[in-house]
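Each chain, written out:
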Amino acid sequence: GAGVSQTPSNKVTEKGKYVELRCDPISGHTALYWYRQSLGQGPEFLIYFQGTGAADDSGLPNDRFFAVRPEGSVSTLKIQRTERGDSAVYLCASSPGPNTEAFFGQGTRLTVV
Amino acid sequence: KNEVEQSPQNLTAQEGEFITINCSYSVGISALHWLQQHPGGGIVSLFMLSSGKKKHGRLIATINIQEKHSSLHITASHPRDSAVYICAVRGQGAQKLVFGQGTRLTINP
């Protein structure tokens, strides 16, 4: 596609459930980022992939959060045992490589009830 | 204290006014980004700069590396410019972006 695609656009889940959020980056972009944005705040970094490997996962808040990018393209952010505090917009961005402009998806709005 | 501070947090102006949004940061950076976010929408990159000044249409971004400060200017503002404008920096040796809290701009007709 022309841009970064995130699915689903909205997800409502019950506390304690497992969720997966998907990101399709722009074709050929080697760098992929996940950010989380709470209401009224700027996005916060979660994890950065260069190719298939997680080059920086220092932003993942705890071990309930995990992300993969097995073929260096599509990435999945996985959240186990969801909590109400996980409710936020999860943003994915990709860029052609390190130190280049980032292109953002529309985000997935996660609501944990 | 946040690494990236924006001011003002909210700004309301009349159509046609000259707009300035400021961003100060506390760390050494390799690049600074200005981004635009419409309500319910995704984030669009406006500028990436590491020195000097860039211009695109009615938008101008400047950066002073020594003072760790950047400004985003909008000339001849229009109601369609209403959005949240976010400053983000990439630290030296890092790839992640660290974001400011955003400036909510409202341009009234």
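Now for a look at the structure at hand. All of these numbers come straight from a predicted model, not from anything done at the bench.

Side note on the state of the cysteines
Then, in step 1: Enumeration according to the criterion identifies 2 disulfides over all chains in this entry.
Then, in step 2: Here A:C23 pairs with A:C92 through a disulfide, and the sulfurs are 1.9 Å apart. Judged by the sign of its S-S torsion, about -70°, the cystine formed by A:C23 and A:C92 is left-handed. Placement of A:C23 in strand β3 (residues 19-24) and of A:C92 in strand β9 (residues 88-95) is noted, with a sequence separation of 69 residues between them. Here A:C23 and A:C92 have matching classes, each one buried.
Then, in step 3: Disulfide pairing places B:C23 opposite B:C87 at an S-S distance of 2.0 Å. In this structure, the disulfide formed by B:C23 and B:C87 twists by about -60° around the S-S bond and is classed as left-handed. Here B:C23, found in strand β3 (residues 19-25), pairs with B:C87, found in strand β9 (residues 83-91); they are 64 residues apart in sequence, far enough to count as distant.
Then, in step 4: B:C87 sits in the buried class, given a relative accessible area of 0%.

Observations regarding the interface of chain A and chain B
Frequently, the measure chosen for interface size is the accessible area removed from exposure when the parts meet.
Then, in step 1: Every contact between the two is made by 20 residues of chain A and, on the other side, 19 residues of chain B.
Then, in step 2: Taken together, the two surfaces of chain A and chain B that pack against each other cover about 1,500 Å², and 53% of this comes from carbon and sulfur.
Then, in step 3: At the junction of chain A and chain B, the tally comes to 6 residue pairs in polar contact (both at pLDDT 80 or more).
Then, in step 4: If you list the elements that add at least two residues to the side of chain A that touches chain B, you get β4 (31-37) and β5 (44-50) of chain A.
Then, in step 5: The element contributing the most residues to the side of chain A that touches chain B is β4(A), with 3 residues.
Then, in step 6: In the side of chain A that touches chain B, the residues fall into 9 nonpolar, 9 polar and 2 charged.

Some remarks on the layout of surface pockets
Then, in step 1: Counted as a void, the largest pocket has a volume near 590 Å³.
Then, in step 2: Taken together, 30 residues form the lining of the largest pocket, with A:Q37, A:L39, A:G40, A:R109 and B:Q37 sitting closest to its centre.
Then, in step 3: Where the lining of the largest pocket is concerned, the elements lending two or more residues are β9 and β11 (108-112) of chain A together with β9 and β11 (103-108) of chain B.
Then, in step 4: Here the lining of the largest pocket gets 4 residues from one element, more than from any other, and that element is β11(A).
Then, in step 5: Class assignment for the residues of the lining of the largest pocket results in 7 nonpolar, 21 polar and 2 charged.

Topic: the sheet that holds β3(B)
Residues and elements named next belong to chain B.
Then, in step 1: Read across the open sheet, the 5 strands follow the order β1-β3-β8-β7-β6; overall the sheet is antiparallel. Both edges of this open sheet fall to β1 (4-7) and β6 (52-56), since each of them pairs with a single strand only. Averaged over all neighbouring strand pairs, the angle between strand axes comes to 15°, with direction disregarded.
Then, in step 2: Note: β1 against β3, 4 bridges, orientation antiparallel. Following the sheet pairing, E5 is matched in β3 by S24.

Definitions and limits used
Residues numbered from 1 in each chain as written. Chains lettered and ligands numbered in written order. Predicted model: local features only at pLDDT ≥ 70, side-chain atom pairs only at ≥ 80, totals over all residues. Heavy atoms only, no water. Disulfide = S-S within 2.5 Å. Helix = DSSP H or I, 4+ residues; strand = E, 2+ residues; numbered from the N terminus. Buried < 20%, exposed > 50% of the residue type's maximum accessible area, 1.4 Å probe, protein only. Contact = heavy atoms within 4.5 Å. Buried area = accessible area lost by both parts, 1.4 Å probe. Polar contact = N/O pair within 3.5 Å; in protein donor to acceptor, adjacent residues only side chain to side chain. Nonpolar A, V, L, I, M, F, W, Y, C, P; charged D, E, K, R; others polar. 1 Å grid on protein atoms, 1.4 Å probe; cavity = no way out; pocket = protein on both sides within 12 Å on 5 of 7 lines; lining within 4 Å. Points joined across faces, edges and corners; volume = space filled by probe spheres on them. Pairing = 2+ DSSP bridges. Axes fitted to C-alpha atoms, helices over the stretch in contact; angles between N-to-C directions.

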